[in-house]
Amino acid sequence: MDRRFRRFPSLRFSPFLMLRWAFLLIALAATSVRAQLDLGSQDVPQSEIDDYMDPFYHVIATGLGGGRFTPRDQGTGWDLGFQAGMVPLPDRQPFQSTNLSALPLFRLRSGARFGGADLMARGLIWKDPRVGRLATYGGGAAYGRDVFKGKVPVAAAVMGGWDRLDFTSTYTYRYRGSALGLFDQDVPGDYTLTEQVSGGGLMLSARLGDWTPYAQGWFEWTSGRFAYLYLDPRDDKNHEVKSDLGFPGARGSLGILWHGAHIEASLRSHLSLEAGWSWIH
């Protein structure tokens, strides 16, 4: 990070510490972009902006699309619970400039099932006046049937899902230095980061007493958009730096379910880990 720019303030512990760290990672990404582009210099090619943001899009997509479905009985009922996941950050640029080792994500989840159909919705909205507003929400549908009723019953399901993350923040940073006559000035700006992950997949599961191991394969499409709007003191006009990318990806997952609690590991560009619990009625 350019030394002329002040880092975001550290965040204190709270029950929503995981979301605060998620905020901080995205904030650091945006701050690094601002510093690298020198107040959004118009001389920076669009390809360089996109290349810089691309690793962040992939990390967010890895966590955002994980843990949509676990095996469900083919009866009628509903469930309510939570999910917590994390994506370990690779030890390479641009993540070496952050103090985080993983991107966390926390969501509430609810679902309903009838016969072999399973409907799901999940998300969480969180605000902090010091950082910004984060909203994650999504849903999906699955349909599964038993395919083998031997000593170890096996079921198969077809799945579809969509998830979205919206992050908005307003931040004022101080430009330190005499270049361009901007010594000791506060420069206001605001930015948004929006990402969507949609896809379809197949799941196989087996029942081993109270334990249900499962495997999933997904094909997903990700679209990400970053926009930074700032007032440039050099001309007192608003300028915008933006990046808009879309890319495909394949996800493979392995997990195990036990009395409503599950753990899952998946690989999609990066490794991600997820755990959750649902009260199943």
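The following refers to the structure shown. (Residues numbered from 1 in each chain as written. Predicted model: local features only at pLDDT ≥ 70, side-chain atom pairs only at ≥ 80, totals over all residues. Heavy atoms only, no water.)

Points about the overall build of the protein
Alright, step 1. Within the protein one finds 2 helices and 10 strands.
Alright, step 2. Counting every position in the protein, which comprises 281 residues, the buried fraction comes to 49%.
Alright, step 3. Taking all contacts inside the protein whose residues are at least 6 apart in sequence as the whole, residues at least 24 apart take part in 65%.
Alright, step 4. For the protein, the exposed area adds up to about 13600 Å²; of that, 60% sits on carbon and sulfur atoms. (Helix = DSSP H or I, 4+ residues; strand = E, 2+ residues; numbered from the N terminus. Buried < 20%, exposed > 50% of the residue type's maximum accessible area, 1.4 Å probe, protein only. Contact = heavy atoms within 4.5 Å. Areas by Shrake-Rupley, 256 points an atom, 1.4 Å probe, with all protein chains shown as cover.)

Examining the environment of Trp 258
Alright, step 1. Looking at the secondary structure, you find Trp 258 in strand E8 (residues 237–258).
Alright, step 2. Between the alpha carbons of Trp 258 and Asp 210 there is a distance of 6.0 Å; along the sequence they are 48 residues apart.
Alright, step 3. Among all residues touching Trp 258, those that are not within four sequence positions of it are Asp 210 and Trp 211.

So, the nonpolar core
Alright, step 1. Among the nonpolar cores identified, the biggest contains 26 residues, and Met 53, Leu 165, Leu 193 and Phe 226 are the most heavily contacted of them.
Alright, step 2. Where this core is concerned, the elements lending two or more residues are helix H2 (46–64), strand E2 (102–114), strand E5 (154–175), strand E6 (185–206), strand E7 (211–232) and E8.
Alright, step 3. Looking at which element gives the most residues to this core, the answer is H2, with 9 residues.
Alright, step 4. If you look at the next biggest cluster of nonpolar residues, it comprises 8 residues, including Phe 69, Met 120, Ala 157 and Met 159. (Core = buried A, V, L, I, M, F, W, Y, C linked by side-chain atoms within 4.5 Å.)

Examining the pairing of strand E1 (residues 77–88)
Alright, step 1. Here E1 shows a buried face lined by Gly 77, Asp 79, Gly 81, Gln 83, Gly 85 and Val 87 and an unburied face lined by Trp 78, Leu 80, Phe 82, Ala 84, Met 86 and Pro 88.
Alright, step 2. Relative to strand E10 (residues 270–280), E1 runs antiparallel, the two being bridged by 8 bridges. Residue pairing for E10: Asp 79 is matched across the bridge by Ile 280. (Pairing = 2+ DSSP bridges.)

A closer look at the environment of Leu 80
Alright, step 1. Locating Leu 80 in the fold gives a position in strand E1.
Alright, step 2. Measuring from C-alpha to C-alpha, the distance between Leu 80 and Ile 280 comes to 6.8 Å, with 200 residues separating the pair along the chain.
Alright, step 3. Once residues within four sequence positions are removed from consideration, Leu 80 is found in contact with Arg 109, Ser 110, Trp 277, Ser 278 and Trp 279.

Structural notes on H2
Side chains that are three or four residues apart share a direction in an α-helix, a result of its 3.6 residues per turn.
Alright, step 1. End to end, H2 covers 26 Å across 19 residues, agreeing with the expected 27 Å (1.5 Å per residue, within 8%).
Alright, step 2. Maximal helix bending in H2 amounts to about 35°, located at Met 53; proline Pro 55 follows within four positions. (Expected span 1.5 Å × (residues − 1). Bend = angle between axes of the 7 residues up to and from the residue.)

Considering the pattern of salt bridges
Side-chain pairing between opposite charges can occur once the charged atoms of the two side chains come close.
Alright, step 1. Within this structure, the stated rule accounts for 10 salt bridges.
Alright, step 2. Residue Asp 146 is joined to Arg 207 by a salt bridge in which the shortest nitrogen-to-oxygen separation is 3.3 Å. Within this pair, whereas Asp 146 is found in strand E4 (residues 132–148), its partner Arg 207 is found in the loop between E6 and E7, the two being separated by 61 residues in sequence.
Alright, step 3. Relative accessible area serves as the criterion here: at 27%, Asp 146 is assigned to the partly exposed category.
Alright, step 4. The shortest N-O distance in the salt bridge between Glu 220 and Arg 251 comes to 2.9 Å. Note that Glu 220 is positioned in strand E7 and Arg 251 in strand E8, a separation of 31 residues in sequence.
Alright, step 5. Several salt bridges share partner residues, and in doing so they unite Arg 68, Arg 107, Arg 122, Asp 163, Glu 220, Arg 251 and Arg 268 into one network. (Salt bridge = Lys/Arg side-chain N within 4 Å of Asp/Glu carboxyl O.)

Some remarks on the side chain of Arg 113
Alright, step 1. Looking at the secondary structure, you find Arg 113 in strand E2.
Alright, step 2. The charged side chain of Arg 113 is buried without a salt bridge, its nearest counter-charge being Asp 79 at 4.4 Å.
Alright, step 3. Polar side-chain contacts of Arg 113 include one of 3.0 Å to the backbone oxygen of His 281.
Alright, step 4. Setting aside anything within four residues of it in sequence, one finds Arg 113 in contact with Arg 72, Asp 73, Gly 75, Thr 76, Gly 77, Trp 78, Asp 79, Asp 118, Ile 280 and His 281. (Lys, Arg positive; Asp, Glu negative; His and termini not counted. Polar contact = N/O pair within 3.5 Å; in protein donor to acceptor, adjacent residues only side chain to side chain.)

Regarding the pairing of E10
Alright, step 1. Summarising the sheet, strand E9 (residues 261–268) and E10 pair through 8 bridges and their orientation is antiparallel. Residue Ile 263 lies in a different strand from E10, and its bridge partner there is Ala 275.
Alright, step 2. Count of turn residues in the E9/E10 antiparallel hairpin: 1 residue, of which Ser 269 carries a positive phi of about 70°.

A closer look at the environment of Tyr 57
Alright, step 1. By secondary structure assignment, the location of Tyr 57 is in helix H2.
Alright, step 2. Sequence separation between Tyr 57 and Gln 196 is 139 residues; the distance between their C-alpha atoms is 9.8 Å.
Alright, step 3. Not counting residues within four places of it along the chain, the set of residues in contact with Tyr 57 comprises Glu 195, Gly 224, Arg 225, Phe 226, Ser 243, Asp 244, Leu 245 and Phe 247.
Alright, step 4. Within polar-contact distance, the side chain of Tyr 57 engages the backbone oxygen of Ser 243 at 3.1 Å.

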